[in-house]
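Geometric and topological summary
Below are the chains, spelled out letter by letter.
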Amino acid sequence: MATMNPILRLRQAFRSMGVEDEQADAAADAIDYHTYGRRESDLFHAQMMMEFRRDMAEMRTQMLLAIFIAAGLIIAAVGVLIAVFD
């Protein structure tokens with residue numbers, strides 16, 4: 001059973017669930033037709049990683065901008081307090 005073709009195992013699994021033979025064959029063929037190979041999977045993973053890195057860089061930029069704005073506001077508030085109480 002372990003050495004059986006994956007498509008044959010799919011057909012057998014569909015049939016064991018009570019699906020008619022023709023529907024099991026059609027479903028297994030459709031899955032086989034739309035299955036990605038190693039190259040497509042690697043390209044998809046590389047694209048996902050590139051998008052992830054781009055999003056992380058964008059978030060890092062936004063966080064740095066927020067930190068600089070917060071630091072500037074704090075420095076301005078301290079300057080105003082020093083000017084008022086001096």
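Anyway, here's the lowdown on the structure attached to this text.

Each value, and the rule that gives it
Residues numbered from 1 in each chain as written. Predicted model: local features only at pLDDT ≥ 70, side-chain atom pairs only at ≥ 80, totals over all residues. Heavy atoms only, no water. Buried < 20%, exposed > 50% of the residue type's maximum accessible area, 1.4 Å probe, protein only. Helix = DSSP H or I, 4+ residues; strand = E, 2+ residues; numbered from the N terminus. Arc of directions from axis to C-beta. Contact = heavy atoms within 4.5 Å. Axes fitted to C-alpha atoms, helices over the stretch in contact; angles between N-to-C directions. Parallel < 35°, antiparallel > 145°, perpendicular 65-115°, else oblique. Left-handed = near helix turned anticlockwise from the far one by under 90°.

Notes on helix α1 (residues 6-16)
Of all the positions in α1, only I7, R11 and F14 are classed as buried. Mapping the buried residues of α1 onto a view down its axis gives an arc of 65°, with all of them on the same face. On the buried face of α1, the contacting elements are α2 (21-33). The first or second residue beyond α1 is G18, which carries a positive phi of 95°.

Comments concerning the packing of α1 against α2
Closest axis-to-axis distance for the α1/α2 pair is 9 Å, and the angle between their directions is 140°. As the angle between them shows, α1 and α2 are arranged oblique. The handedness of the crossing between α1 and α2 comes out as right-handed. Judged by residue contacts, I7, L10, R11, F14 and R15 of α1 engage D21, A24, D25, A27, A28, D29, I31 and D32 from α2.

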